[in-house]
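# What the coordinates show
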Amino acid sequence: MVTAKHSLVCLFQQALSKGVRRYHASRVLCQRAKVAMSQFEPSEFVNYEKLEKNINIVRKRLDRPLTLSEKIVYGHLDDPAKQDIERGKTYLRLRPDRVAMQDATAQMAMLQFISSGLPRVAVPSTIHCDHLIEAQLGGEKDLRRAKDINQEVYNFLATAAAKRIFLHKSLLLSQIILENYSYPGVMLIGTDSHTPNGGGLGAICIGVGGADAVDVMAGIPWELKCPKVIGVKLTGSLSGWSSPKDVILKVAGILTVKGGTGAIIEYHGPGVDSISCTGMATICNMGAEIGATTSVFPYNSRMKTYLSKTGRAAIASLADEFQEHLKPDPGCPYDQLIEINLNELKPLINGPFTPDLAHTVEEVGAVAEKKGWPVDIRVGLIGSCTNSSYEDMGRSAAVAKQALAHGVKCKSQFTITPGSEQIRATIERDGYSKILRDVGGVVLANACGPCIGQWDRKDTKKGEKNTIVTSYNRNFTGRNDANPETHAFVTSPEIVTALSLAGTLKFNPEVDFLTGSDGKKFKLEPPDADELPKLEFDPGQDTYQHPPKDGSSQHVDVSPTSQRLQLLEPFDKWNGKDLEDMLILIKVKGKCTTDHISAAGPWLKFRGHLDNISNNLLIGAINIENDKANTVRNALTQEFGPVPDTARYYKDSCWFGQNLYPGPSYHQLSCKKDPMRGRRGVSFKREGIGYRNVSNNKDSSWIIPSTGLPATCCPKEGINWVVVGDENYGEGSSREHAALEPRHLGGRAIIVKSFIHPVDKLSIVGLKDFAPGKPLKCIIKHPNGSQETIVLNHTFNETQIEWFQAGSALNRMKELQKH
Ligand code: SF4
């Protein structure tokens, strides 16, 4: 509930901060007893009343204590009174409060949103330019280079953002969310897997695909499988070299990279209060590495301090009043419970090649020697969105300062990535950057850089075995520098700094000594640093772009000749008929994740250009017919070729090429207009069952006997095709491209796990009665004329069936607008 007391407090804060340019000023946070969600959106308010109302409805229905994540998630239900709620089973329809997008995924999300024709977004939304900046020479120079290379994309995002979207340049999405947009009880979705960082402020922040972001921006309820809840009870307190990073490295070691799938990790217990707010954010950030939907901490005084320091004291005051809804109920049930005693937690280092391979810092050197991993450290990298807080940088600087006092510099190369402009400017002002540079470090741009492989690494050749240590979150093969022989380990920033000074994994700062320039041995003391700056944060350069008041007439910048951006054309509407006699583009063997369907690497730059990126369609998938990747039989020519080319061939072909099979009843037909279509050199003639051809050797004179209607040669509709998948089809994070590309190239369905032969034809029938929970039928026609029918289960709900009938969700949105 918002009280008059609040409005007075807010007015007072407003008066205090008048005229001062700072990003986190408390001004404008309140209007008429309401508290603004962020300083950038003075007319969008924190809505704890709705949260409370929904929680009360659900609590009454479930009649049991609720976990914190249940309170926040169910508090955002579209229909709390009727929604089926069963953890791990039902699908929830939710109304998130806001959306955040990073620059790589925002391109397709914005193209889809533009295509919906909606004039403005339904919830506050932001774009963050962080992923497209490559680390090469250091901060300023790299930024200039990125602006040059990505000019076209940045212009597009800036103009597209006129739909009431706020743009942050050169700032890491999850860090900016923590500093500005996350607060206790908010639900936010972001097109970055590390969006859960915001859980450090008691929020439910979930990483999603661009298509989910479009749904929410368009005001459509967002679906999420009702998450299970894994409780992590923390007792004791952190001290010495142990840090928040060790909590998540420990949890990763216990749960492994899959252990959190479909669950929210909920931290609780007396140990929570010994962790700073940004430390809690680090723990939540890396929850993505164990597959968790997200992670969250209960509201406490550490969050209150952070909110106040970042100009959001009014939100903290409001959260105080609502705190019973921002903590778990006593005795709430968890699906799994883990207990960690922070008093016993040792500094950990996980890797290589997977973030769940946990070792203590004490033992890692010996393990590395035994396993043949290089013990010499080539590069130490601190920062990224995971560990770039003021406290992190302070603890690293505290380690570096001790070394400098003994005349010691880093033996390894050393880089620092500030997570935001505010952190960069503040650590520069407070002298941390100088210390880190003096010890041998290079300060990179406030961007993802080496964390996502945007690293023009010069010191090591591809294929050369080497070790790096980072305070990032992911260390999968090739993640940082595309070199499969780089052994990457993740650990806390202070341990990265200590190991970079020593230059080897065989160094444990808790017990080992370094040698000073005077030849004397010395031991590093555990670092001690302020959680937050004593002065206010320095906002640094203005990297924020506010959308215009009315952006409806804003021209969106997309050149028709662009190779990186392409406006989306609406997909065709369902014609009301069953999908008959579809060809099989590929029957996939084994796993087929989004990496197999839409490869990354050099293709990343085409993420805003559907036609260009479709040239990577399924190029990584193995064809069951020949055990090869990117080589499929063209059913019209019988020749083998790349998957995308074959899909395009079908898309541009006419139905008269469909008489494909050798045998007494079937004959090849070819198109006279283009003899390369259909089987080369074979003229069409009447024979067999199926179609009667009464051609007089002129185009457009073919007749479909079943209808008696003439058909035009090479009609533009193309030939429908399907993909038959095997396991894990579509698992991964590039889901909207994995869905859009097949559709763009003429695909009509993806059917998984079946006994279909690649040269069969498939029909999906019963579409007129398409309904939730009612299976469809698939008729498989074999080349020998026999056929069989299988039942196709589906998970479409009513809304999704409407999307199918309209041709796409975006088409449906447009239809609804017209009514
Ligand atoms: S810094 Fe790394 S983890 Fe964070 S958003 Fe960028 S790539 Fe992802």
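Up top is the structure these notes are about.
To keep things clear, this report deals only with the structure shown in the data block. The structure presented is a predicted model; accordingly, all values stated were derived computationally and were not measured.

Definitions and cut-offs
- Starting afresh in each chain, residues are numbered from 1 along the sequence in its written order.
- This being a predicted model, a pLDDT of at least 70 is required before a residue's local features are given, and a value of 80 or more before pairs of side-chain atoms are given or counted; all residues contribute to the totals for chains, interfaces and linings.
- In computing side-chain properties, one takes all heavy atoms of the structure into account and sets aside hydrogens as well as water.
- Residue burial is assigned from relative accessible area. The probe radius is 1.4 Å, only protein chains are included, and a residue is buried under 20% of its type maximum, exposed over 50%, and partly exposed in between.
- Under the DSSP-based scheme used, a helix requires at least four consecutive residues in state H or I and a strand at least two consecutive residues in state E, with every element numbered from the N terminus.
- It only takes one pair of heavy atoms within 4.5 Å for two residues to be counted as in contact.
- Interaxial angle, 0 to 180 degrees, is taken between N-to-C directions of lines fitted to C-alpha atoms, where a helix line uses only the stretch in contact.
- Under this scheme an angle from 65 to 115 degrees is roughly perpendicular, one under 35 degrees roughly parallel, and one over 145 degrees roughly antiparallel; angles in between are oblique.
- For any pair of crossing helices, the crossing counts as left-handed if the nearer helix is rotated counterclockwise from the farther one by less than a right angle, and right-handed if it is rotated clockwise.
- Basically, the charged four are Asp, Glu, Lys and Arg, the nonpolar ten are Ala, Val, Leu, Ile, Met, Phe, Trp, Tyr, Cys and Pro, and anything else, Gly included, counts as polar.
- When a carboxyl oxygen of Asp or Glu is within 4 Å of a side-chain nitrogen of Lys or Arg, the pair counts as a salt bridge.
- Think of a nonpolar core as a cluster: buried Ala, Val, Leu, Ile, Met, Phe, Trp, Tyr and Cys residues, connected wherever their side-chain atoms sit within 4.5 Å.
- These domain boundaries are the output of an automatic or database domain assignment.
- Whether two strands pair depends on DSSP finding at least two bridges between them.
- When we say a residue is near a molecule or strand, we mean one of its heavy atoms is within 4 Å of it.

### Details of helix α23 (residues 809-818)
Turning to α23, its buried residues number three or more, namely A809, L810, N811, R812, M813 and E815. For α23, the elements touching its buried residues are α4 (103-116), α8 (210-217) and α22 (798-806).

### A closer look at the packing of α4 against α23
Orientation of α4 relative to α23, taken along the N-to-C sense of each, is 30°, at an axis distance of 8 Å. Relative to α23, the element α4 lies roughly parallel. For the element pair α4 and α23, the recorded crossing hand is right-handed. In this structure, α4 contributes Q112, S115 and S116 to the contact, and α23 contributes L810, M813, K814 and Q817. The class makeup of the residues in the contact of α4 with α23 is two nonpolar, four polar and one charged.

### Examining the pattern of salt bridges
A side chain with one charge can pair with a side chain of the opposite charge if their charged atoms come near. For the coordinates displayed, the defined rule picks out 33 salt bridges. The residue R378 makes a salt bridge to E464 at a minimum N-O spacing of 3.0 Å. Of this pair, R378 sits in strand β17 (residues 377-383) while E464 sits in the loop between β19 (441-443) and β20 (466-470), and the two are 86 residues apart along the sequence.

### Topic: the nonpolar core
Of all hydrophobic cores here, the largest spans 102 residues; its most connected members are Y48, L234, Y267, F297, L501, L505 and L524. Here this core spans two domains, and each of domain 1 (68-341) and domain 2 (349-523) adds at least three residues to it. When near neighbours in sequence (up to four residues on either side) are disregarded, Y48 contacts Y183, P184, G185, L318, A319, F322 and L326. Counting residues in each nonpolar core, the second largest holds 64 residues, with M110, V123, A445 and F571 among its members.

### Here we look at helix α15 (residues 421-429)
Every buried residue of α15 is listed here: E421, Q422, I423, A425, T426 and I427. One or two positions beyond α15, positive phi appears at G431, with a value near 90°.

### Some points on the pairing of strand β36 (residues 787-792)
Pairing analysis gives six bridges linking strand β35 (residues 776-781) to β36, with the strands arranged antiparallel. Bridging across to β36, K781 finds its partner in Q787. Hairpin connection of β35 to β36: five residues between the antiparallel strands, including G785 at a positive phi of 95°.

### Some thoughts on the site of the ligand
Near the ligand you find eleven residues, and of these H194, C385, C448, C451 and N473 are the closest. Two domains each donate at least three residues to the shell around the ligand, and these are domain 1 (68-341) and domain 2 (349-523).

Don't take any of this as a statement about function, it's just geometry.
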